[in-house]
Amino acid sequence: MYALLRPLVSARPNPVSIRAAALGAVSVLALCAMGSPSHAQQTLPEVTVQQSAAGKAKKAKKPGQPSSVSQGAEQGQSEADVVDGGDGSLPPIVGVGATGLAVPSTTTQIGRQEIQSKIPQTSDTAELLREAPGVSIFKAGGVSGLPVINGLNDDRVKVLLNGMVVSSACANHMNPPLSYADPAQIAYIEVLSGVTPVSKGGDSLGGTVIVESLPPHFAGVGEGVHTAGSISAFYRSNGNGVGTSATAHAASNNVSVNYAGAWVRSDNYEDGHGVEVLSSEYEAQNHSVQLAVRNGGDLFVVQGGIQYIPYQGYVNQYMDMVENKAWFLNTRYVANFGWGKLDARAFYQNTKHEMNFLADKQPGEMPMLTEGQDAGYSVKAEIPLSGRDLLRIGNEFHHQRLDDWWPPVAGTMMMAPDTYLNINDGTRQRLGTFVEWERKWTNAWSTLLGVRNDMVWMDTGDVAPYNTANPCIPMGMMGCMNNPDAQAALDFNARDRSRTDTNFDVTALARYAPSASESYEFGYARKTRSPNLYERYAWGRGEMAMSMIGWFGDLNGYVGDPDLDPEVAHTVSFTTGWSSGARKDWEFKATPYYTYVEDYIGVRKIGDSMMMPDVVYLQFANHDAELYGINLSGSLLLADSSQFGRFALTGVAGYVHGENADTGISLYHMMPWNGRLALTHTLGGWTNSVEIYAVAGKHNVDTVRNEMETGGYALLNLATSYEWQNVRVDLGIKNVFDTYFEDPLAGHYYFASPRDNVPGEGRSFNAGLTLKF
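Source: prediction; values computed, not measured.

Considering the overall build of the protein chain
Within the protein chain, the secondary structure is distributed over 7 helices and 33 strands. Burial status across the protein chain gives 59% buried among its 773 residues. Taking as baseline every contact in the protein chain between residues at least 6 positions apart, the subset at least 24 positions apart corresponds to 69%. Carbon together with sulfur atoms contributes 59% to the accessible area of the protein chain, which is approximately 29600 Å² in total.

Rendered as C-alpha cells:
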C-alpha cells in the first residue's frame, strides 16, 4: 500500500499546490464549524465495508440477481438503497437528494458491477451513459465524448464529477468534465434524463449526470487495520488498445486511505472496411488519493488527483490534443443534525492544455495553449418538516477563469509576430440558491416543487491578433492578404464586455403510484443556461481564427457574440411505468416529452470559406427552438432456475426531433430512432450477454452547418465474464460482423475529400483480467 502511495505523497510541492490545499482545508473546516451534529435523533447509513478474501467471506450473489443498472429506483430510492454491496459494488455516500422525487422516474442509475463489465470495451466514461434512455454521445477523442440528453448537448447537460463543476478549458472542448474520470475509478453514475429537480441542476437545460468515484472502505469492528485492493488489465484488438488500473486501501474502523488509478493507450482504430481511421489514437492516465474520516454517522472526505494526457487525436477537428495536465482537490462533509442532514463540498481544479498537430495531420507547428481554473462550493440541507413534508435548501458557487493564447510561429507570415490572445483573463462566476419542497399527500400521491435563482457574472480582458500593426498581411509574390482580426480586436477591446445574467428555474413534479405495479409521473421545468465564455467572447474574424473555435465536429468556423441572451427551456414530460409488481419479472416505461427553448443559442451564417469547399463560418446567435421525442425502456424475465440460471431481455429506445422554431431547419446533431436490445444470462459467477444496437438513418440535418445524412445500421456485440473468488475474466466481441457504419453524431472526417462522415469502429476482440487481494 505504501509503495503505491509514496510517489504521490513524496512529490515535491509547489506554492500553487500548497495554497490550493490550504484553501480547500479552510473551506471544509468552516463548513464543519457550522454546528455540532446530533446523533441522538437520526444517523447516516454506514458506508459499506468491502472485505478481502482474507477477511470475512462476501455475501454470495443469488442466481438471477438483477444487474446494477436501475431505470428509476423503486419509488424514488437512490442507488445507495438498491445496490447490494455484497456483490462487490459499493453504494455511494448517501447525501442530500437520495430519496423521493429528488430521484424522478426518468432517472437511470448505473452501479459498479455494470461499469466494471464495460471497462474492457471503452475508456470513455461518456460511453457508459448510453445505458440511459434519451442519452447519445457527440463523438470526439478516445476519452472525451460529449453527452447529449434528449437532443440537448454538452454545456446544456449538467455534469457533477464528485460534486465538482469542471469546465472545458479548450476552444474545441477537448477536455470535457467526463474526460477527467476513467471508468475504472467510478463507482456510481446517476443520469436524470427528464425534468430535473432544482436541487440537482442549475445553469443547464437537458438534464444532469452525477458521477461518484469509489467510496471509502472501513474496517469492521475489532478487525484492526484492513487492507485490500485490485489490479486489472485489458486488451482491445482494434487499435491495439491496452490499459491497466489499480485500487488499494488501508483502513481502520474510522479512518480510510484509498488509491485509484488507471492508464490506457490505443493506436488508430480501423473501420468496418479495414481502413485505418487517422487521428483516433490516444493515451491517458488518471490517479486519485482519498482520505476519509467517519465519526458515528458523519463522514469527512478529502480527495486529490492528477490527470496526464500526452496525446489524443481528433478525427473531426483541425487540431489534436498534444498535452493535457490537470490536478484537483475536492472535499466533502456529510452529517446529521437534530434538524436534518447537511451535505457540503468544496473543490478546486487547474488544467493546462495544448492543441497542435499530431503526425497524421499536416506537418508543422501551430501551438494553442489554454489554462483553466474551476473553484467552488455547494452547501445543501435536507430538513424534515413533518412526517409528510421534506424541505431541501442549498447554495452553491462556481468560479471559472480561462486564458487561451496562441504563441507566434516562427517563419510564418499569418501566425506572427505577436501572441494571439483568444480569451484573456476570461471569468464566469455563478452563485446559485434553491429551495425545494416535497410532500407525500397519501401513500399513492407525492409532489415536488422547487425554485432556483442563479446569478451569472462574465467578463474578459483585451485581446490581440497575431499582427496588431498591419490591416493587410504581406504574402510575398501573392501580394497582401486582408487581416480582419486586426480590426476585430480593436472593435472588441473598445466595447464593454462585462455581462450579468439573472436566471430563474422552476421545477414541478407529481407522482401517482396506486400500486407496486404501476406509477405515473408528470413534470414541468423552466431551466436557464447562460452562454459559455467562447459563445460570448470568441472574437476572431479571420478564416484560421474562426476555424479553431467549435466543439461540434463539423469543421466549420465560429465566432462569439457578447450580446447573447441566456437560453430558457420549458419542458413538460409524462412518464408511465408498469411492472409485474414487487418481483419485477417484467417492466416497461415510456416518457414522451416536449421542450420549447427561448433564445436557444444556435448560429447564423456570416460567410463561406475561400480556401476550403463546404466550410462555412457562423456566429453564435439566439433563436427559438423546439424539441420533442420519446424514451422507452423495459425488461422481461424469460426464465429463472438454480440449475440453468436467469435469462432476461432488457432494452432501451429513443427518438428526438429538434428544429429552429424561426426557420423550421433541423437543429444540429439530432439523434434518429435508436435502441439496444440485450439477452442476458447469469448463473453463479457467470454472466453473458448478446446485444443488438440499431440506429435508423439520419435524414433531418442542419443545412446551415452543411450537416450530412447517415444511413441506418445494426451492430451485434457479445460479452461474457466469469468471477471466481479473487479473479474475474472478461471476454467480448464488439461489432461482431465488422459492419461499416457512420455514427450520426460523429461529425465530419477531417481526412475525407470530398467531405464525408467519420467512419465508426470495426470489429474488436476485447479481453480483461482483474485480480483482487
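So, the side chain of Asp374
When you line up the elements, Asp374 lands in strand 16 (residues 368–384). Side-chain polar atoms of Asp374 contact the side chain of His398, separated by 2.7 Å. Once you skip the residues sitting within four places of it in the chain, Asp374 turns out to touch Val165, Val166, Ser167, Phe347, Tyr348, Gln349, His398, His399 and Gln400.

Examining unusual backbone geometry
Looking along the chain, the bond that leaves Ala416 and enters Pro417 is cis, with omega of 5°. By the element assignment, Pro417 lies in the loop between strand 17 (389–406) and strand 18 (420–440). For the bond from Ser753 to Pro754, the omega torsion is 5°, close enough to zero to count as cis. Relative to the elements of secondary structure, Pro754 occurs in the loop between strand 32 (727–734) and strand 33 (764–772). Located in the positive-phi region is Lys584, a residue other than glycine, with phi close to 55°. Relative to the helices and strands, Lys584 is located in the loop between strand 25 (567–579) and strand 26 (586–608). Phi at Asp614 is positive, roughly 70°, even though this residue is not glycine. You can call Asp614 partly exposed: its relative accessible area is 44%.

Description of empty space enclosed by the protein
All chains considered together, the criterion is met by 16 cavities of 30 Å³ or more. Reported here for the largest cavity is a volume of approximately 520 Å³. For the largest cavity, the lining is made up of 34 residues, of which Val96, Ile210, Glu212, Arg345 and Lys380 are closest to its centre. Within the lining of the largest cavity, the residues separate by chemical class into 14 nonpolar, 9 polar and 11 charged. Volume-wise, the second largest cavity comes out at about 360 Å³. As for the second largest cavity, its lining consists of 25 residues, of which Asp155, Val165, Val166, Ser167 and Arg428 are closest to the centre. Within the residue set of the lining of the second largest cavity, elements represented by two or more residues are strand 6 (157–161), strand 17, strand 18 and helix 6 (533–537). Grouping the constituent residues of the lining of the second largest cavity by class yields 10 nonpolar, 8 polar and 7 charged.

Remarks on helix 5 (residues 484–494)
Among all positions of helix 5, only Asp485, Ala486, Ala488, Ala489 and Phe492 are buried. Projected down its long axis, helix 5 shows its buried positions confined to an angular sector of 165°, all on one face. Across from the buried face of helix 5, at angles greater than 90 degrees, the exposed residues are Leu490 and Ala494. In the core, the buried residues of helix 5 are packed alongside strand 18, helix 6 and helix 7 (543–547).

Things to note about the pattern of salt bridges
Taken as a whole and assessed by the stated rule, the structure comprises 40 salt bridges. We note a salt bridge from Asp203 to Arg428, for which the minimum N-O separation is 2.8 Å. Remark: Arg428 occurs in strand 18 and Asp203 occurs in the loop between strand 7 (186–192) and strand 8 (207–213); sequence separation between them is 225 residues. Like Arg428, Asp203 is buried. Of the charged contacts, one joins Arg439 and Asp389 as a salt bridge, the two residues approaching to 2.6 Å between their closest N and O atoms. Of the two residues, Arg439 is situated in strand 18 and Asp389 in strand 17; the sequence distance between them amounts to 50 residues. Assigned by exposure class, Arg439 and Asp389 land together as buried.

Description of the environment of Ser279
Counting through the fold element by element, Ser279 comes out in the loop between strand 11 (255–266) and strand 12 (282–295). The contact partners of Ser279, leaving out residues within four places of it in the chain, are Asn268, Gly313, Tyr314, Val315, Asp320, Asp360, Lys361 and Phe751.

Quick notes on the pairing of strand 3 (residues 135–138)
Burial of strand 3 is two-sided: the residues Val135 and Ile137 facing one way and the residues Ser136 and Phe138 facing the other way are all buried. Bridging between strand 3 and strand 4 (residues 146–149) involves 4 bridges; their strand directions are antiparallel. Within the sheet, the bridge partner assigned to Ser136 lies in strand 4 and is Val148.

Details of the nonpolar core
Grouped together as the largest cluster of nonpolar side chains are 79 residues, with contacts concentrated most on Met319 and Phe620. Ranked by residue count, the leading element in this core is strand 27 (residues 616–641), at 6 residues. Leave out the neighbours within four places in its chain, and Met319 touches Asn172, Met174, Tyr314, Met355, Asn356, Phe357, Lys361, Met366, Met368 and Met548. Core analysis: the next-biggest nonpolar cluster, separate from the first, contains 29 residues, Ile115, Ala132, Val165 and Ile189 among them.

Side note on the confidence of the model for the protein chain
With 86% of its residues at a pLDDT of at least 70, the protein chain reaches an overall mean of 88. Across residues 1–69, where pLDDT falls below 50, the model places 103 contacts with residues more than four positions away in sequence or in other chains. Long-range and interchain partners of residues 72–91, a stretch whose pLDDT sits below 50, account for 56 contacts in this model, where long-range means more than four residues apart.

A short note on the sheet that holds strand 5 (residues 152–153)
Reading across from one edge, 3-4-5 is the order of the 3 strands in this open sheet, with antiparallel pairing throughout. Both outer strands of the open sheet, strand 3 and strand 5, are each paired with one neighbouring strand and no more.

Here we look at the packing of aromatic side chains
Scanning all chains against the criterion turns up 26 aromatic pairs. Between the aromatic rings of Trp406 and Tyr466, the centroid separation amounts to 6.4 Å while the plane-to-plane angle is 45°, which identifies the pairing as tilted. Taken as a pair, Trp406 in strand 17 and Tyr466 in the loop between strand 19 (445–459) and strand 20 (472–474) lie far apart in primary sequence, 60 residues in all. Both residues of the pair, Trp406 and Tyr466, belong to the buried class. Here Tyr713 and Phe741 contribute two aromatic rings whose centre-to-centre distance is 4.7 Å and whose plane-to-plane angle is 35°, an arrangement assigned as tilted.

So, the environment of Ser580
The topology assignment puts Ser580 in the loop between strand 25 and strand 26. If near-sequence neighbours (up to four positions away) are discounted, Ser580 is found in contact with Ser517, Asp585 and Trp586. A distance of 3.5 Å separates a polar atom in the side chain of Ser580 from the backbone nitrogen of Lys584.

The rules behind each value
Residues numbered from 1 in each chain as written. Predicted model: local features only at pLDDT ≥ 70, side-chain atom pairs only at ≥ 80, totals over all residues. Heavy atoms only, no water. Helix = DSSP H or I, 4+ residues; strand = E, 2+ residues; numbered from the N terminus. Buried < 20%, exposed > 50% of the residue type's maximum accessible area, 1.4 Å probe, protein only. Contact = heavy atoms within 4.5 Å. Areas by Shrake-Rupley, 256 points an atom, 1.4 Å probe, with all protein chains shown as cover. Polar contact = N/O pair within 3.5 Å; in protein donor to acceptor, adjacent residues only side chain to side chain. 1 Å grid on protein atoms, 1.4 Å probe; cavity = no way out; pocket = protein on both sides within 12 Å on 5 of 7 lines; lining within 4 Å. Points joined across faces, edges and corners; volume = space filled by probe spheres on them. Nonpolar A, V, L, I, M, F, W, Y, C, P; charged D, E, K, R; others polar. Arc of directions from axis to C-beta. Salt bridge = Lys/Arg side-chain N within 4 Å of Asp/Glu carboxyl O. Pairing = 2+ DSSP bridges. Core = buried A, V, L, I, M, F, W, Y, C linked by side-chain atoms within 4.5 Å. pLDDT = per-residue confidence, 0-100. Phe/Tyr/Trp six-rings, centres within 6.5 Å; stacked < 30°, edge-to-face > 60°.

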